[in-house]
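Chain by chain, the residues:
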Amino acid sequence: MNETRSPLQSFAIYAGALLILIWSGGPFLWQFSTSFQLDKMLTSGSPSLIPHPFTLEHYYNAFFEKQLHRYVWNSLVVSLATTFLCLFVGSLAAFALSRLNIKGRFGVLMVILSVSMFPQIALVGPLYLVATNLGLLDTYTALIITYLALGLPLVTWVLFGYFETLPREIDEAARMDGVSVPGLLWRIILPMSLPSLVTTGLLAFITAWNEFLFALAFTSNIDRQTIPVGIANFTNLYYVPWGDIAAASAVVTVPLILLVLFFQRHIIEGLTQGGVKE
């Protein structure tokens, strides 16, 4: 059914979208502006949104004095490893629960979901003791295993919902052609589920990229510390370098924004299509 909007309705829609854009993008815009301003301008009585004078000093400090690139590398290693493991394990779990004859599968799904309901502050102590006893402190392994446990429930649920929308006739036709159960997953189901894989992979990557508490507890030196911990280390007892923090935050935020914008069509399709079973 084709509906025509009145000028007032169109104005209200665009005005609402503009307000949401300002509300959401305002902090990022101020952050980027702060990264290009001198410290004395940031502490003045009337800070300006437009940098004057314009400076790249904070970016120089972040990369050459604070060694931001080392934190970026650590976060990249941990986040990519976590993302691939979440997609690998989560796709296997979602496929088994969706396409195989498993009794009580929704009970299993509830157990998986319940893992994500525990507050992180309640888990960091016991996990720290486990990591200490296993000699995993200051290693990528401790962070990857922890982030895998955090991201896997979401990945499993989203992929399960998407797999449920795929027609069962595909399974029957594949088996008639002699495709095995693993072949059904790797050769048919996963290629058809690309939007959902992109969505869940991006969500898992962002979760690992932004995580702070476990990275702070499990790492104590720059060789393994991730970006959130590294930025927190910029401050000292008597001084908070707001410009350096803003520059580092801008550097690590821009890639996430670009990823979301680039994959936005897949993200929307992956999140919405799993909500309706055909």
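Residues numbered from 1 in each chain as written. Predicted model: local features only at pLDDT ≥ 70, side-chain atom pairs only at ≥ 80, totals over all residues. Heavy atoms only, no water.

## Some remarks on helix α9 (residues 181-192)
At step 1: The end-to-end C-alpha distance of α9, which contains 12 residues, comes to 16 Å, matching closely the 16 Å that a straight helix rising 1.5 Å per residue would cover.
At step 2: Packed against the buried residues of α9 are α4 (68-99), α7 (140-165), α8 (169-176) and α10 (194-210). (Helix = DSSP H or I, 4+ residues; strand = E, 2+ residues; numbered from the N terminus. Expected span 1.5 Å × (residues − 1). Contact = heavy atoms within 4.5 Å.)

## Quick look at the UniProt feature "transmembrane region" (unreviewed entry) in the chain
At step 1: Under the local residue numbering, the UniProt record ascribes the feature "transmembrane region" (unreviewed entry) to residues 12-32, 71-96, 108-128, 140-163, 184-209 and 245-263.
At step 2: As annotated, residues 108-128 comprises 81% helix and 0% strand, and the C-alpha atoms at either end are separated by 27 Å.
At step 3: Secondary structure over residues 184-209 splits into 96% helix and 0% strand, and the C-alpha atoms at its two ends are 32 Å apart. (UniProt positions renumbered as here; feature names shortened; annotations may be inferred.)

## Structural notes on the nonpolar core
At step 1: In terms of nonpolar packing, the biggest core is built from 22 residues, with Phe-95, Val-155, Leu-159, Phe-163, Leu-184 and Ile-189 touching the most fellow members.
At step 2: Counting only elements with at least two residues in this core, the list comes to α4, α7, α9 and α10. (Core = buried A, V, L, I, M, F, W, Y, C linked by side-chain atoms within 4.5 Å. Buried < 20%, exposed > 50% of the residue type's maximum accessible area, 1.4 Å probe, protein only.)

## Side note on the pattern of salt bridges
At step 1: Counted under the stated rule, the structure contains 5 salt bridges.
At step 2: Salt-bridge contacts for Arg-70 lead to Asp-223; the nearest nitrogen and oxygen are separated by 2.4 Å. Here Arg-70, found in helix α4, pairs with Asp-223, found in the loop between α11 (213-218) and α12 (227-232); they are 153 residues apart in sequence, far enough to count as distant.
At step 3: Of the residues examined, Asp-223 reaches a relative accessible area of 39% and is grouped as partly exposed.
At step 4: We note a salt bridge from Glu-164 to Arg-168, for which the minimum N-O separation is 2.9 Å.
At step 5: The buried category is assigned to Glu-164, whose relative accessible area is 10%.
At step 6: By relative accessible area, Arg-168 is classed as partly exposed at 31%.
At step 7: Salt bridges linked by common partners bring Arg-105, Glu-164 and Arg-168 together as one network. (Salt bridge = Lys/Arg side-chain N within 4 Å of Asp/Glu carboxyl O.)

## Examining the environment of Val-155
At step 1: In this fold, Val-155 is placed in helix α7.
At step 2: For the pair Val-155 and Gly-125, spaced 30 residues apart in sequence, the C-alpha separation works out to 25 Å.
At step 3: Excluding residues within four positions of it along the chain, Val-155 makes contact with Cys-86, Leu-87, Gly-90, Thr-200 and Ala-204.

## A short note on the environment of Ile-121
At step 1: Within the fold, Ile-121 resides in helix α6 (residues 120-133).
At step 2: Classification of Ile-121 by relative accessible area gives exposed; the value is 62%.
At step 3: Sequence separation of Ile-121 and Leu-152 is 31 residues, and the distance between their C-alpha atoms is 19 Å.

## Notes on a nonpolar patch on the surface
At step 1: A contiguous nonpolar patch, built from Phe-28, Val-254, Ile-257, Leu-258 and Leu-261 and spanning about 410 Å² of accessible area, is present on the exposed surface.
At step 2: Ranked by the residues each element gives to the nonpolar patch, the list is headed by helix α13 (residues 242-262), at 4 residues.
At step 3: Topologically, Ile-257 is positioned in helix α13.
At step 4: Taking relative accessible area as the criterion, Ile-257 reaches 32% and is therefore assigned partly exposed. (Patch = residues over 30% accessible without salt bridge, like charges linked within 9 Å, V, L, I, M, F, W, Y side chains within 5 Å. Areas by Shrake-Rupley, 256 points an atom, 1.4 Å probe, with all protein chains shown as cover.)

## Thoughts on the confidence of the model for the chain
At step 1: For the chain, per-residue confidence averages 86 on the pLDDT scale, and residues scoring 70 or more make up 94% of the total.
At step 2: Within the chain, the lowest mean pLDDT, 64, falls on helix α14 (residues 264-273), and the highest, 94, falls on α11. (pLDDT = per-residue confidence, 0-100.)

## Side note on the packing of aromatic side chains
What characterises a pair of aromatic rings is the spacing of the ring centres plus the angle enclosed by the ring planes.
At step 1: Going through the model one piece at a time under the given rule, you end up with 7 aromatic pairs.
At step 2: Look at Phe-36 and Phe-54: their rings are 4.8 Å apart centre to centre, the planes differ by 20°, and that puts the pair in the stacked class. Taken together, the residues Phe-36 in the loop between α1 (7-35) and α2 (39-42) and Phe-54 in the loop between α2 and α3 (57-65) connect sequence positions 18 residues apart.
At step 3: In textbook terms, an aromatic cluster arises when at least three aromatic residues are bridged by ring pairs, as seen for Phe-36, Phe-54 and Tyr-59.
At step 4: Directly above the ring of Phe-234 sits Lys-66, whose terminal nitrogen or CZ lies 5.4 Å from the centroid.
At step 5: Over the ring of Tyr-140 we find Arg-224, and its NZ or CZ is 4.2 Å from the ring centre. (Phe/Tyr/Trp six-rings, centres within 6.5 Å; stacked < 30°, edge-to-face > 60°. Lys NZ or Arg CZ within 6 Å of the ring centre and 35° of its normal.)

## Quick look at the packing of α4 against α10
At step 1: Taken N-terminus to C-terminus, the directions of α4 and α10 make an angle of 140°; their axes are 8 Å apart at the nearest point. Comparing the axis directions of α4 and α10 gives the class oblique. At the point where α4 passes α10, the crossing takes the right-handed sense. Residues Val-72, Ser-75, Leu-76, Ser-79, Leu-80, Thr-82, Thr-83, Cys-86 and Leu-87 of α4 lie in contact with α10, whose contacting residues are Leu-197, Thr-200, Gly-201, Ala-204, Phe-205, Ala-208 and Trp-209.
At step 2: When the residues that make up the contact of α4 with α10 are grouped by side-chain class, the tally is 10 nonpolar, 6 polar and no charged. (Axes fitted to C-alpha atoms, helices over the stretch in contact; angles between N-to-C directions. Parallel < 35°, antiparallel > 145°, perpendicular 65-115°, else oblique. Left-handed = near helix turned anticlockwise from the far one by under 90°. Nonpolar A, V, L, I, M, F, W, Y, C, P; charged D, E, K, R; others polar.)

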